[in-house]
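Below, each chain spelled out in residue letters.
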Amino acid sequence: MTTMLSINNLHVSIDGKAILDGLTLDVPVGEVHAVMGPNGAGKSTLSYALAGRPGYEVTAGSATLNGDDLLALEPNERAARGVFLSFQYPIEIPGVPALTFLRTALNAQLKARGEAEITAPAFLKLVRAKAAGLKMDFDMLKRSLNVGFSGGEKKRMEILQMAVLSPKLAILDETDSGLDIDALRIVAEGVNAMRGPDRSMLVITHYQRLLDHIRPDRVHVLAAGRIVASGGPELAHELERGGYDQYAKVAA
Amino acid sequence: MSLARAITTGDLTQLPSRRDEDWRWSDLRGLIRVLPAPSPAHIGAGTPGPFAGLANREVVIVNGYGPAAIKVAAGETQTLALRFIAARDAGAHVARAAIEVDAGATLTLLESYEGEGTDYVVERDLAISVAKGARLERVIIAGDDQDAVSVSRADIDLSPGATLAQTVLTHGGKRQRLETHVAHPGAEASVRLDGVYVLGAKRHADLTTVVTHAGANGVTDQLTKGVVNGQARGVFQGRIVVSPGADQTDAKMGHHALVLSDRAEVDAKPELEIYADDVACAHGNTVGALDDESLFYARQRGIPEAEARAMLIGAFLGEVVDRIEHDGARGVARAWLAEQLGTRP
Ligand SMILES: Nc1ncnc2c1ncn2[C@@H]1O[C@H](COP(=O)(O)OP(=O)(O)OP(=O)(O)O)[C@@H](O)[C@H]1O
Ligand SMILES: [Mg+2]
């Protein structure tokens, strides 16, 4: 069993303040792992650090994707290697239609990998198919990216981008928050449709509900900047009953 | 006191200086120590201008020489390319033209300032009248050289029910002032006054506008956006005066700029002077950096930094370009913008 993502003793600071404090986590190829943990534990910080957000300073430790050092790469290079982050709070980009944005992104990734750019008709066909699968109105994609979209629409837009960009490692940061019950099911189906032997996922969530749809292979508890417990899917149920208090001691 | 007076008299004390409140960010007296020799006479242009192919009539003024009076007869519709060229041998000159748009006529005026020379010093003066119910859309590409000093001034007189829509596009000059003065009668006349500046290196551009509402029921909608990089300086001075009696005036002014380097600068002075009643006036002015979060979001999706920046800046400025009504001119403006940003249109 080969490892897709390997994080070892990762320390990350923001503005000199230590947020991740020796985090270690492996995600094998083809597996879906859930990360749960209290507010402020460092879950988004982990996802940003893996994606390469400026200001997230790695002070110690390592993170590799298929054995390659992720942390040495620019954010766009990480993306081209297959890292996709579904943002907890997706960004609005006025003046750039969602379709234009997505096509620019896809072509940039293809170019970085030395592949041919996608033609306009092939791109539209691809996006139409993926949008239909997520029950999204295609006309919405002609609007400025995320501008005026509802919270749930923005999350669907993230999943649509993931489906089109077809990453190797998808990090979903609270993709379930803000979704109604039907949308949650549709998004979860979209995510499940992308599960495969070549793809790994890190699913950050607060709720068991999402994990009922997306059955994770492993569940990890992140508290105070570290993974403090790991287990099978049953761990999520335990958390639902017992909360995070039981880990406060471990973290401290 | 003006650059034109200094050029025609040779008296440099006639130059506006930073002690003049309206010129404090665009000082000419401290900049011009000697005037270059007067520009030699020329007739006609050897090259097509930026709006080539869009106009049904072309007027070319080279080094200040060319036709001075342009008229669009009542009810006529015209697309006119008006080209002010500072030829390779240009020194100092004043170029003047007068344009009359008669009642009910429609004129699309595609104006270009073409700097073939380098360190010329010129003033371009336009007197424009737009008669009752007539429409003027003015799109200007100010393509001055990086070593050129220029002042371009338009005085536009609107009659009741007239429409003026204007978009200035510039990449600046060594010192470049683009001035528009609008005499607005109110009386259902409407004005859109837009501008885009994209400045790099040591370039400077000053977009100064004065709109004076003299009567009731007039509309003015102004939007200027700019980006400065390197050691460039952008200046926006927008004044809207709502005179006594100009009640029910509806005036909006927006100026928004992105400063992309530590050594670049934007100076803005939006002024609304309101002496009338029941007036709807709003203005917004922002000067800031490119949004880091948007940039990271685009890069996370795989778009390299330079391309992501150009995309975001293009979208920011594109809002102004999109307001150009004439399809062909809007296309040229988009291509101009892409060229400034080094992207595909
Ligand atoms: N720019 C910043 N400057 C200082 N501290 C920050 C900054 N960004 C995040 N933090 C802090 O880092 C800690 C971890 O935040 P993070 O967003 O990673 O938490 P999280 O686990 O994702 O929480 P949530 O479940 O609420 O989304 C918090 O204490 C937060 O206040
Ligand atoms: Mg978070």
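What counts, and at which threshold
Residues numbered from 1 in each chain as written. Chains lettered and ligands numbered in written order. Predicted model: local features only at pLDDT ≥ 70, side-chain atom pairs only at ≥ 80, totals over all residues. Heavy atoms only, no water. Near = heavy atom within 4 Å. Polar contact = N/O pair within 3.5 Å; in protein donor to acceptor, adjacent residues only side chain to side chain. Areas by Shrake-Rupley, 256 points an atom, 1.4 Å probe, with all protein chains shown as cover. Nonpolar A, V, L, I, M, F, W, Y, C, P; charged D, E, K, R; others polar. Contact = heavy atoms within 4.5 Å. Buried area = accessible area lost by both parts, 1.4 Å probe. Salt bridge = Lys/Arg side-chain N within 4 Å of Asp/Glu carboxyl O. Helix = DSSP H or I, 4+ residues; strand = E, 2+ residues; numbered from the N terminus. Donors = N, O, S within 2.8 Å, 3.2 Å for Na, K, Ca; no water. Buried < 20%, exposed > 50% of the residue type's maximum accessible area, 1.4 Å probe, protein only. Core = buried A, V, L, I, M, F, W, Y, C linked by side-chain atoms within 4.5 Å. Pairing = 2+ DSSP bridges. Axes fitted to C-alpha atoms, helices over the stretch in contact; angles between N-to-C directions. Phe/Tyr/Trp six-rings, centres within 6.5 Å; stacked < 30°, edge-to-face > 60°. Parallel < 35°, antiparallel > 145°, perpendicular 65-115°, else oblique. Left-handed = near helix turned anticlockwise from the far one by under 90°.

1. Here's the deal with the site of ligand 1
Residues and elements named next belong to chain A.
Inference 1: Residues in contact with ligand 1 amount to 15 residues; listed here are only the nearest, Gly 40, Lys 43, Ser 44, Thr 45 and His 206.
Inference 2: Contact distances for ligand 1 include 3.0 Å between an oxygen atom and a backbone N or O atom of Gly 42.
Inference 3: His 206 is positioned with one of its side-chain polar atoms (N or O) 2.8 Å from an oxygen atom of ligand 1.
Inference 4: In isolation ligand 1 has 640 Å² of accessible area, and contact with the protein removes 65% of it.
Inference 5: For the shell around ligand 1, a count of residues per class yields four nonpolar, seven polar and four charged.

2. Notes on the interface of chain A and chain B
Inference 1: Each partner contributes to the interface: chain A provides 31 residues, whereas chain B provides 17 residues.
Inference 2: Of the roughly 1,900 Å² buried where chain A meets chain B, counting both sides, 64% is carbon and sulfur surface.
Inference 3: Taking the shortest distance from any N to any O, the salt bridge between Arg 301 of chain B and Glu 158 of chain A comes out at 2.7 Å.
Inference 4: The interface formed by chain A and chain B holds 11 residue pairs in polar contact (both at pLDDT 80 or more) in total.
Inference 5: Elements with a contribution of two residues or more to the side of chain A that touches chain B: helix H1 (43–51), helix H2 (75–81), strand S6 (83–86), strand S7 (93–97), helix H3 (98–112) and helix H5 (151–165) of chain A.
Inference 6: With five residues, the top contributor of residues to the side of chain A that touches chain B is H3 of chain A.

3. Things to note about the coordination of the magnesium ion (ligand 2)
All names here are of chain A.
Inference 1: Donor atoms from the polypeptide that bind the magnesium ion (ligand 2) are Ser 44 (OG) and Gln 88 (OE1), placed at 2.0 to 2.2 Å. In this pair, Ser 44 is assigned in helix H1 and Gln 88 in the loop between S6 and S7, connecting sequence segments 44 residues apart. For the pair Ser 44 and Gln 88, a shared accessibility class is recorded, and that class is buried.

4. Details of the pattern of salt bridges
Residue and element names in this part refer to chain B.
Inference 1: Inspection of every chain in the model, using the stated rule, returns 41 salt bridges over all chains.
Inference 2: With a closest N to O distance of 3.2 Å, Asp 22 and Arg 239 form a salt bridge. Residue Asp 22 is located in the loop between helix H1 (3–9) and strand S1 (57–62), and its partner Arg 239 is located in strand S14 (residues 233–242); the two are separated by 217 residues in the primary sequence.
Inference 3: Classification of Asp 22 by relative accessible area gives partly exposed; the value is 31%.
Inference 4: One salt bridge in this structure joins Arg 177 and Asp 206, with 2.7 Å as the shortest N-O distance. Within this pair, whereas Arg 177 is found in strand S10 (residues 175–184), its partner Asp 206 is found in strand S12 (residues 204–213), the two being separated by 29 residues in sequence. Accessibility assignment for this pair places Arg 177 and Asp 206 in one class, buried.
Inference 5: Several salt bridges share partner residues, and in doing so they unite Arg 135, Glu 137, Arg 192, Asp 194, Asp 221, Arg 323 and Glu 325 into one network.

5. Brief notes about the nonpolar core
Inference 1: Grouped together as the largest cluster of nonpolar side chains are 106 residues, with contacts concentrated most on Leu 141 and Leu 160 of chain A.
Inference 2: When sequence neighbours within four positions are dropped, the list of residues in contact with Leu 141 of chain A reads Pro 97, Ala 98, Leu 99, Val 127, Ala 131, Met 136, Met 157 and Leu 160 of chain A.
Inference 3: The next biggest cluster of nonpolar side chains, apart from the first, holds 49 residues, and it includes Leu 80, Ala 97, Leu 126 and Leu 178 of chain B.

6. A closer look at the sheet that holds strand S15 (residues 250–259) of chain B
All names here are of chain B.
Inference 1: Spatially, the nine strands line up as an open sheet ordered S1-S3-S5-S7-S9-S11-S13-S15-S17, and their pairing is parallel. If you trace the sheet from one side to the other, it starts and ends with S1 and strand S17 (280–288), each paired once. Neighbour-to-neighbour, the strand axes of the sheet open up by a mean angle of 10°, direction not taken into account.
Inference 2: Bridge count between S1 and strand S3 (residues 77–86): six bridges; the pairing is parallel. Among the inter-strand pairings, Val 62 is bridged to a residue of S3, identified as Ile 85.
Inference 3: Those strands touched by helix H3 (residues 305–321) are strand S9 (163–170), strand S11 (190–199), strand S13 (219–228) and S15, and its axis lies near 155° from that of S13.
Inference 4: Strands strand S5 (106–115), strand S7 (135–143), S9 and S11 of the sheet are contacted by helix H4 (residues 327–341), whose axis makes an angle of about 25° with S11.

7. Quick look at the environment of Asn 107 of chain A
All names here are of chain A.
Inference 1: Here Asn 107 shows up in helix H3.
Inference 2: By relative accessible area, Asn 107 is classed as buried at 9%.
Inference 3: Placed 12 residues apart in sequence, Asn 107 and Thr 119 show a C-alpha to C-alpha distance of 9.4 Å.
Inference 4: Apart from the residues lying within four places of it in its own chain, the contact partners of Asn 107 are Glu 117 and Ile 118.

8. Quick look at the pairing of S3 of chain B
Residue and element names in this part refer to chain B.
Inference 1: Judged by how many residues are buried, S3 sits mostly within the fold: nine of 10 residues are covered.
Inference 2: In terms of strand pairing, S3 meets S5 through 10 bridges, oriented parallel. Bridging across to S5, Gln 78 finds its partner in Leu 107.

9. Structural notes on the environment of Ala 90 of chain B
Residues and elements named next belong to chain B.
Inference 1: Its place among the elements puts Ala 90 in the loop between S3 and strand S4 (92–101).
Inference 2: Separated by 27 residues in sequence, Ala 90 and Gly 117 have C-alpha atoms that sit 5.9 Å apart.
Inference 3: Residues within four places of Ala 90 in sequence aside, it is in contact with Ser 39, Asn 63 and Tyr 120.

10. A closer look at the packing of aromatic side chains
Inference 1: Under the defined criterion, the tally for this structure stands at seven aromatic pairs over all chains.
Inference 2: Arranged with centres 6.2 Å apart and planes meeting at 70°, the rings of Tyr 48 of chain A and Phe 296 of chain B form a pair that is edge-to-face. In this pair, Tyr 48 of chain A is assigned in helix H1 and Phe 296 of chain B in helix H2 (residues 292–300), connecting two distinct chains.
Inference 3: For the pair Phe 101 of chain A and Tyr 297 of chain B, a centre-to-centre distance of 5.7 Å together with 25° between the ring planes defines the contact as stacked.

11. Description of the packing of H5 of chain A against helix H6 (residues 181–193) of chain A
All names here are of chain A.
Inference 1: Remark: H5 packs on H6, axes separated minimally by 10 Å, with the N-to-C direction vectors making an angle of 15°. Judged on the interaxial angle alone, H6 and H5 are roughly parallel. Seen from above, H5 lies across H6 with left-handed handedness. Here Arg 156, Ile 159 and Met 162 of H5 lie close against H6, whose contacting residues are Ala 183, Ile 186, Val 187 and Val 191.
Inference 2: Considering only residue class, the contact of H5 with H6 consists of six nonpolar, no polar and one charged.

12. Quick look at the sheet that holds strand S1 (residues 3–14) of chain A
Hydrogen bonds along the backbone pair up the strands of a sheet, which may run parallel or antiparallel.
All names here are of chain A.
Inference 1: Here we have four strands laid out as an open sheet, ordered S2-S1-S4-S5, and antiparallel in their pairing. Looking at strand neighbours, the two that pair on one side only are strand S2 (17–28) and strand S5 (68–69), the edges of this open sheet.
Inference 2: In the sheet, S1 pairs with S2 via nine bridges, with the strands oriented antiparallel. Bridged to Ser 6 within S2 is Asp 26.
Inference 3: Each of S1, S2 and strand S4 (56–65) touches H1; the most contacted strand, S1, lies at about 110° to it.

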